[in-house]
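Given next are the chains, with one letter for each unit.
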Amino acid sequence: MKKYHPSLIIAGLLLILLASAALAQGSALLNAYESLYYYSLRIDDRFPTISPLSTTVQELEKEIRSGLRPDEARLVLGMVYQTTGDWEKAIENYQKASAALPENGSIHVMLGDVFRHQRRWEEAEAAYNQALDLEPFARAYKGLGLISMEREEFADARTFFQAALDIAEEFFAARIGLGRALYYLEEDTEAIETLEIALGQDSRSIITNHYLSLLYERQGEAEKAAHAKQRAEELSDQQ
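Calculation criteria
- Every chain begins its residue count from 1, and numbering advances along the sequence as written.
- With pLDDT at 70 or above as the cut-off, local features in this predicted model cover only qualifying residues; side-chain atom pairs require 80 or more to be listed or tallied, and sums for whole chains, interfaces and linings still use all residues.
- Each side-chain value is worked out from all heavy atoms of the structure, with water and hydrogens disregarded.
- By nonpolar core is meant a set of buried Ala, Val, Leu, Ile, Met, Phe, Trp, Tyr and Cys residues that side-chain atoms within 4.5 Å join together.
- Relative accessible area decides the class of each residue, using a 1.4 Å probe on protein chains only: under 20% of the type maximum gives buried, over 50% gives exposed, and in between gives partly exposed.
- Elements are defined by DSSP. Helices are runs of H or I of four residues or more, strands are runs of E of two residues or more, and each kind is numbered from the N terminus.
- Contacts between residues were defined by any pair of non-hydrogen atoms, one from each residue, lying within 4.5 Å.
- Working definition: rings of Phe, Tyr and Trp (its six-membered ring) pair if their centres are within 6.5 Å, and the pair is stacked with planes under 30 degrees apart, edge-to-face with planes over 60 apart, and tilted otherwise.
- Geometry is summarised by axes, namely lines fitted to C-alpha atoms with helices restricted to the contacting stretch, and by angles between N-to-C directions that run from 0 to 180 degrees.
- If an angle is under 35 degrees, it is roughly parallel; if it is over 145, roughly antiparallel; if it lies from 65 to 115, roughly perpendicular; otherwise it is oblique.
- Helix crossings get a hand from a simple test, with the near helix turned counterclockwise from the far one by less than a right angle marking a left-handed crossing and a clockwise turn marking a right-handed one.
- One side-chain nitrogen of Lys or Arg within 4 Å of one carboxyl oxygen of Asp or Glu is enough to make a salt bridge.

**Notes on the nonpolar core**
- With 31 residues, the main nonpolar core has Tyr-94, Tyr-128 and Ala-140 as its most contacted residues.
- Those elements that provide at least two residues to this core are α4 (52–66), α5 (70–84), α6 (87–100), α7 (105–117), α8 (121–134) and α9 (138–150).
- Discounting residues that sit within four places of it in the chain, Tyr-128 has contacts with His-108, Val-109, Gly-112, Asp-113, Arg-116, Arg-139, Ala-140, Gly-143, Leu-144 and Ile-147.
- The next biggest cluster of nonpolar side chains, apart from the first, holds 22 residues, and it includes Ala-138, Leu-182, Ile-192 and Tyr-211.

Structure below.
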């Protein structure tokens, strides 16, 4: 299982670790968190015989069987399966966790992300809206924006991405999404401004450089277009 998404692991799981460690001393759940920590350090790159995620899954399943904290264990197990791309197992565990924790809107956001990766647009949309009924999640608005982009509903996408940025101003993925939506709406000045801000956040973003090259070209700025295109190609070759 080599599909690393350290931001998901670190942000979503180590925060739970901090909140749970005192209660979980000596439990399978704490063992699972420790294994996730080693995964976040990519220890299996250095020691191939060690499989932190496999250990994590085993410990979480043990916690579920114990009945001590099964809902939290199912939530974390869903996150692990989402990280590794085991979408159906992620859905199963998220849905069971959500049934037990109906006021936890973040579970609906994660369900929406999984459905979206499977291109199950209506289910993803419903999950994101369930999350937003509980709390204004920037990630839920971003997810709705990405669905709107797939449907070529660019005005709706712009609204959703802007809503995400209103909540989280530094949300890089939402800013790129907004820039792309503005590009397709042919609102070039605002699109360029948006994507130049994104470029300042991450100069190595291929998609940002790509869309800026298209926008500069459409605006007749040949030199800028050529530079952005070359940069996008260089970054792509480095991958």
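**Re the packing of aromatic side chains**
- Inspection of the entire model under this criterion finds four aromatic pairs.
- Look at Tyr-183 and Tyr-184: their rings are 5.0 Å apart centre to centre, the planes differ by 75°, and that puts the pair in the edge-to-face class.
- In this structure Tyr-184 comes out as partly exposed when scored by relative accessible area, which is 37%.
- With 6.1 Å between their ring centres and 75° between their planes, Tyr-184 and Tyr-211 make a pair best called edge-to-face. Here Tyr-211 lies in helix α13 (residues 206–218) and Tyr-184 lies in helix α11 (residues 172–184), a separation of 27 residues in the sequence.
- The class for Tyr-211 is buried, based on a relative accessible area of 8%.
- Ring pairs connect the aromatic residues Phe-154, Tyr-183, Tyr-184 and Tyr-211, which therefore count as one cluster.

**Here we look at unusual backbone geometry**
- For Glu-152, which is not a glycine, the phi torsion comes out positive at approximately 60°.
- Take Glu-152: it is sitting in the loop between α9 and α10 (154–167).
- Classification of Glu-152 as exposed rests on a relative accessible area of 58%.

**Examining the packing of α7 against α8**
- Two numbers describe how α7 lies on α8: the axes approach to 8 Å, and their chain directions differ by 165°. For the element pair α7 / α8, the angle class is roughly antiparallel. The two elements α7 and α8 cross, and the hand of that crossing is left-handed. Of α8, the residues touching α7 (which contributes Gly-105, His-108, Val-109, Leu-111, Gly-112, Asp-113, Phe-115 and Arg-116) are Trp-121, Glu-123, Ala-124, Ala-127, Tyr-128, Gln-130, Ala-131 and Leu-134.

**Quick look at the pattern of salt bridges**
- All told, the structure shown has ten salt bridges when counted by the stated rule.
- For Arg-119, the salt bridge identified is with Glu-150, shortest N-O distance 3.3 Å. Here the residue Arg-119 occupies a position in the loop between α7 and α8, and Glu-150 occupies one in helix α9, the gap between them amounting to 31 residues.
- For Arg-119, a relative accessible area of 52% translates into the label exposed.

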